[in-house]
Amino acid sequence: MTTKKFKKFAKFLEVFLLLGSAMYTFMTGLLLVMYFFQDHSFSINVPVSGFGLFKATLNSPVKEDLLLAGLLVNVPVGITYTIVFFKGSRFFKSLVQNQTPFSKDNKKLISRISIVLMILGLAPSLMYSIILSFLMTNGYYMRFDIGVSFVVGAILYCVSEVINYGLELQQFSDDAV
């Protein structure tokens, strides 16, 4: 891939992630408005996509408990994805502006994003289970999934370590000259 193509693709990713950040902001706000100003004739799904490892229930939760648990999980998850997408767009913006990807700041940014993504791959289903089990008067709801965000975060963490290795090689090269 040539430098010109790389910059175009980095610009596309910058805009894409910025739009994703705006979408998550809008959807989180819409969720809050719907919950507090509607008659609760809608449902809230927990953002779990990936590998379902475990699910167990004793008695079915009522709709009000499902809505509240969904709200309490989706709002922090939506805010977190908004920040992750925004930070990711800033990384690609720095690449478009001819900054090197091999910097301590980029390594730190990618490392932090990867850790947050790994947490987002595990936490929503656990949070939902705990909150819903607490809200249910008799019974429990347990679910554990590994989301796709966990896998993406793990791959990004490897990329951050490759950047760290590149930084060490650059330091070694500078010291040798």
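Before going into details, it helps to say that this report is about the structure given with it. Remember, it's a predicted structure, so these values are computed and weren't measured experimentally.

Cut-off values and rules
- Residues numbered from 1 in each chain as written.
- Predicted model: local features only at pLDDT ≥ 70, side-chain atom pairs only at ≥ 80, totals over all residues.
- Heavy atoms only, no water.
- Patch = residues over 30% accessible without salt bridge, like charges linked within 9 Å, V, L, I, M, F, W, Y side chains within 5 Å.
- Areas by Shrake-Rupley, 256 points an atom, 1.4 Å probe, with all protein chains shown as cover.
- Salt bridge = Lys/Arg side-chain N within 4 Å of Asp/Glu carboxyl O.
- Helix = DSSP H or I, 4+ residues; strand = E, 2+ residues; numbered from the N terminus.
- Expected span 1.5 Å × (residues − 1).
- Bend = angle between axes of the 7 residues up to and from the residue.
- Phe/Tyr/Trp six-rings, centres within 6.5 Å; stacked < 30°, edge-to-face > 60°.
- Buried < 20%, exposed > 50% of the residue type's maximum accessible area, 1.4 Å probe, protein only.

### What to know about a nonpolar patch on the surface
Piece 1. On the surface, a cluster of nonpolar side chains totalling about 810 Å² of accessible area is made up of Phe51, Leu53, Phe54, Leu58, Tyr140, Met142, Val151, Ile155 and Val159.
Piece 2. Counting residues per element, the ones that place at least two in the nonpolar patch are β1 (50–58), β2 (140–147) and α4 (148–176).
Piece 3. Ranked by residue count, the leading element in the nonpolar patch is β1, at four residues.
Piece 4. Along the chain, Leu53 falls in strand β1.

### Considering helix α3 (residues 104–135)
Piece 1. Under the 1.5 Å per step criterion, the end-to-end length of α3 is 45 Å for 32 residues, consistent within 8% with the ideal 46 Å.
Piece 2. The sharpest bend along α3 reaches about 40 degrees and sits at Ala123, with the proline Pro124 one to four residues further on.

### Overview of the packing of aromatic side chains
Any aromatic ring pair is given by two values, namely how distant the centres are and how the planes are angled relative to each other.
Piece 1. One pass over the full model with this rule turns up eight aromatic pairs.
Piece 2. Geometrically, the ring pair formed by Tyr24 and Tyr81 is stacked, given 5.0 Å between the ring centres and 15 degrees between the ring planes. Of this pair, Tyr24 sits in helix α1 (residues 3–37) while Tyr81 sits in helix α2 (residues 63–96), and the two are 57 residues apart along the sequence.
Piece 3. With relative accessibility at 11%, the residue Tyr81 sits in the buried group.
Piece 4. Centre to centre, the rings of Phe91 and Phe92 are 5.2 Å apart; their planes meet at 70 degrees, and the pair counts as edge-to-face.
Piece 5. Take Phe91: its relative accessible area is 12%, and that puts it in the buried class.

### So, unusual backbone geometry
Piece 1. Backbone geometry places Asn59, a non-glycine residue, at a positive phi of 70 degrees.
Piece 2. The exposure class of Asn59 is partly exposed, given its relative accessible area of 41%.

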